[in-house]
Amino acid sequence: MASGVKPRVKVPKSAAAGDSITIKTLISHKMESGQRKDKEGNPIPRSIINRFTCEFNGESVIDVTLEPAISTNPYFEFDAMVKEAGTFKFTWYDDDGDVYDTSKDIAIA
Amino acid sequence: MRKMMTSVAAMTAAIALAAGAASAGQEDNLVVNEEIEIVVRTDAPAHMENVDTIYSGWTFRSDETQALQMDDFDNPGMIFVDMGREVFDAAAGSEGKSCASCHESPENLKGVKAVYPKWNDQAEEVYTIEMQINECRTDRMGAEKLKYNGGDMTNLVALLASVSRGMPVNVAIDGPAQSTWEWGKELYYSRTGQLELSCANCHEDNYDNMIRADHLSQGQINGFPAYRLKNAKLNTVHDRFKGCVRDTRAETYAPASPEFVALELYLSSRGNGLSVEGPSVRN
């Protein structure tokens with residue numbers, strides 16, 4: 001597992017039914033592009049988050065493919081429509097096979 | 001002729017626009033997380049002879065950069081604060097202690113960052129917060145010193161700054177610290193390098209002017225450690241000094257050198273009254 005990886009998300013605790021809410025997500029990750037070389041001139045292997053998804057009660061909200069040009073600590077901000085109370089599940093897929101996930105509940109106010 | 005007149009008028013408008021852009025955000029106020037009020041402009045402390053009002057570096061940045069510092073989730077520096085918490089809780093050295101063993105939580109150290117650098121009676125010299133942390137590590141924890149401007153140290157300093165945000169910088173410049181302070185002042189006004197520039201030439205005489213593409217600030221250090229967008233990491237104040245001295249085309253002092261400690265004390269005192277802001281976001 002890549003070191004120092006920690007997912008963070010910010011979701012409002014509650015919203016009115018049918019409201020559009022803003023979700024912010026960030027994962028600390030070095031996003032090594034595979035283009036750099038170390039001191040001895042050997043290429044540093046690519047190690048990035050290659051996919052990010054968000055689901056709400058099992059339904060896909062966003063599904064992102066990440067490429068090596070994306071810089072360190074990738075940050076996503078997007079809107080989602082909330083019709084009912086439920087759980088947002090966020091998942092990040094690492095090149096090395098690791099999967100990081102976290103979830104947040106939202107209530108209907 | 002008429003066409004020429006129009007283009008002159010258009011140019012004047014463009015110049016006015018450019019001038020407006022240079023001071024964009026200068027009037028804005030900073031509130032972090034809609035909770036912590038940060039003083040970004042105030043009356044200069046009495047010892048400053050040539051400046052009436054002091055401004056945080058935040059006021060010189062673009063709206064987009066300013067916005068990053070208004071919410072901890074958007075502030076990339078807070079990632080490093082979280083990493084600092086891990087260092088704070090990690091036991092090290094022969095005593096098996098961590099920072100948390102004595103201080104419990106970083107929040108108990110609220111206000112500490114605001115008064116450093118500070119005279120240390122036992123050592124009989126001015127201590128920066130990094131020197132104090134390393135003394136704790138060697139004398140109380142029986143641990144190795146952290147590298148002065150290394151990642152773990154900078155993250156710890158960012159953590160201590162973050163819990164003091166909103167408190168006024170208030171370093172003591174009288175008493176035993178006075179001679180170090182005066183040395184720092186001398187360094188501030190000494191021209192160095194092939195370009196023969198002192199700190200004051202840019203940051204006192206020309207703040208708010210453009211130096212090529214850069215908008216010169218007053219060089220306040222209340223926001224350090226600072227997350228810089230250009231290198232996507234926290235930057236220590238001594239590394240920033242080094243960069244500035246290098247830009248005058250001089251051989252620089254080393255981070256942790258007595259010269260930079262004296263300069264840090266003097267510069268901190270120029271910001272007495274502004275709020276602790278670290279980790280700030282700058283370009």
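Please read all numbers here as calculations on a predicted model, not as lab measurements. All chains use their own residue numbering, which begins from 1 and follows the written sequence. Both sets of labels track the order of writing: A upward for chains, 1 upward for ligands. Reporting of local features is limited, given that this is a predicted model, to residues whose pLDDT is at least 70; pairs of side-chain atoms are given and counted only at 80 or more, and all residues count toward the totals for whole chains, interfaces and linings. Excluding hydrogens and water, the side-chain figures rest on all heavy atoms present in the structure.

Overview of the overall build of chain B
At step 1: What chain B contains, in helices and strands, is 11 helices and 11 strands.
At step 2: For chain B, the spread of C-alpha atoms along the principal axes amounts to about 85 × 40 × 30 Å.
At step 3: Across chain B, contacts joining residues at least 24 apart in sequence account for 67% of those joining residues at least 6 apart.
At step 4: Only the protein chains shown count as cover for residues, with accessible areas throughout obtained via the Shrake-Rupley method and a probe of 1.4 Å. For chain B, the computed accessible surface area is about 14100 Å², with 51% contributed by carbon and sulfur atoms. We count a stretch as a helix when DSSP gives it H or I for four or more residues in a row; a strand needs E for two or more, and each element gets its number in order from the N terminus. What makes two residues a contact is simply this: any of their non-hydrogen atoms within 4.5 Å.

Some thoughts on the sheet that holds strand E9 (residues 226-228) of chain B
Residues and elements named next belong to chain B.
At step 1: Any two strands are treated as partners once DSSP identifies two or more bridges connecting them. Judged by pairing direction, the sheet is mixed, and its three strands sit side by side in the order E10-E9-E11 without closing on themselves. A single partner strand is all that each edge strand has here, and the edge strands are strand E10 (233-235) and strand E11 (280-282). Neighbour to neighbour, the strand axes of the sheet diverge by 40° on average, direction disregarded.
At step 2: As judged from the three bridges shared by E9 and E11, these two strands associate in the parallel manner. In the strand pairing of E11, Tyr227 is matched with Val281. Helix axes use the C-alpha atoms of the stretch in contact, all axes being lines fitted to C-alpha atoms, and the angles between their N-to-C directions lie in the range 0 to 180 degrees.

Remarks on the UniProt feature "binding site: heme c 1" (unreviewed entry) in chain B
Residues and elements named next belong to chain B.
At step 1: UniProt positions are given in the numbering used here, feature names are shortened, and annotations may be inferred rather than shown by experiment. The sites that UniProt annotates as "binding site: heme c 1" (unreviewed entry) are Cys99, Cys102, His103 and Cys136. In summary, the annotated positions, though distributed over 38 residues, converge in three dimensions, the widest C-alpha pair being only 11.1 Å.
At step 2: Mapped onto the elements, His103 comes out in helix H4 (residues 99-103).
At step 3: Not counting chain neighbours up to four residues away, the residues in contact with His103 comprise Phe88, Asn108, Leu109 and Cys136.

Considering the interface of chain A and chain B
At step 1: Listed as interface residues are 11 residues of chain A and, on the opposing side, six residues of chain B.
At step 2: Counting the surface lost from both chain A and chain B, the interface buries some 780 Å², and carbon and sulfur atoms represent 58% of this.
At step 3: Between Lys or Arg on one side and Asp or Glu on the other, a salt bridge is scored when a side-chain nitrogen of the former is within 4 Å of a carboxyl oxygen of the latter. Across the chain A-chain B interface, the total number found is four salt bridges.
At step 4: Between A:Arg8 and B:Asp82 there is a salt bridge; the shortest N-O distance is 2.8 Å.
At step 5: Contacts described as polar in this section are N or O atom pairs within 3.5 Å, which, within protein, must combine one atom able to donate a hydrogen with one able to accept it, while residues neighboring in sequence count only if both atoms come from side chains. Counting the contacts that link chain A with chain B gives five residue pairs in polar contact (both at pLDDT 80 or more).
At step 6: The set of elements that each furnish at least two residues to the side of chain A that touches chain B consists of strand E1 (6-10) and strand E3 (19-28) of chain A. Buried area: the sum, over both parts, of the accessible surface (1.4 Å probe) that disappears when the two are put together.

What to know about a negative patch on the surface
Residue and element names in this part refer to chain B.
At step 1: Like-charged residues are merged into a patch within 9 Å and nonpolar side chains (Val, Leu, Ile, Met, Phe, Trp, Tyr) within 5 Å, provided each residue has over 30% relative accessible area and no salt bridge. In this tally, Asp and Glu contribute negative charge and Lys and Arg positive charge; neither His nor the terminal groups of the chain are included. Where a charge lies is defined by one atom per residue type: Lys uses NZ, Arg uses CZ, Asp uses CG and Glu uses CD. A grouping of Glu27, Asp28, Asp63 and Glu64 is seen on the molecular surface, where their side chains present a negatively charged patch.
At step 2: Here Glu64 shows up in helix H2 (residues 63-68).
At step 3: Per-residue accessibility, obtained with a 1.4 Å probe over protein chains only, is compared with the maximum for each type, and a residue is labelled buried under 20%, exposed over 50%, and partly exposed between these values. For Glu64, a relative accessible area of 59% puts it in the exposed group.

Regarding the sheet that holds E3(A)
All names here are of chain A.
At step 1: Across the sheet, three strands lie side by side as E1-E3-E6; this open sheet has antiparallel pairing. Each end of this open sheet is capped by a strand with a single partner; those strands are E1 and strand E6 (75-82). Here the strands of the sheet are splayed against their neighbours by 20° on average, with no regard to which way each runs.
At step 2: Here E1 runs beside E3; their pairing, made up of five bridges, is antiparallel. If you follow Val9 over to E3, its bridge partner there is Thr25.

Thoughts on the UniProt feature "domain: Sulphur oxidation protein SoxZ" (unreviewed entry) in chain A
At step 1: Sequence positions flagged by UniProt for "domain: Sulphur oxidation protein SoxZ" (unreviewed entry) are, in local numbering, residues 10-103 of chain A.
At step 2: Split by type, residues 10-103 of chain A is 0% helix and 53% strand. Its first and last C-alpha atoms lie 10 Å apart.

Quick notes on the nonpolar core
At step 1: Nonpolar cores are built from buried Ala, Val, Leu, Ile, Met, Phe, Trp, Tyr and Cys residues. Side-chain atoms within 4.5 Å join them into one set. Counting 53 residues, the largest nonpolar core has B:Phe88, B:Leu156, B:Phe241 and B:Leu263 as the members making the most contacts within it.
At step 2: Apart from residues no more than four positions distant in its own chain, B:Phe241 is found in contact with B:Ile221, B:Phe260, B:Leu263, B:Glu264 and B:Leu267.
At step 3: Core analysis: the next-biggest nonpolar cluster, separate from the first, contains 24 residues, A:Val5, A:Val11, A:Ile23 and A:Phe78 among them.

What about the pattern of salt bridges?
Close approach of charged atoms allows side chains with opposite charge to pair.
At step 1: For the structure shown, the criterion picks out 14 salt bridges over all chains.
At step 2: Where A:Asp95 meets A:Arg46, a salt bridge forms, and the shortest distance between an N and an O atom there is 2.8 Å. Within this pair, whereas A:Asp95 is found in the loop between strand E7 (86-94) and strand E8 (99-108), its partner A:Arg46 is found in the loop between E3 and strand E4 (49-56), the two being separated by 49 residues in sequence.
At step 3: By relative accessible area, which is 28% here, A:Asp95 ends up partly exposed.
At step 4: Here B:Lys185 ties to B:Glu49 by a salt bridge, and the two come within 3.6 Å at their closest N and O atoms. Of the two residues, B:Lys185 is situated in helix H8 (residues 178-189) and B:Glu49 in the loop between strand E3 (41-43) and strand E4 (53-55); the sequence distance between them amounts to 136 residues.
At step 5: Accessibility expressed as a relative area gives 64% for B:Glu49, which makes it exposed.

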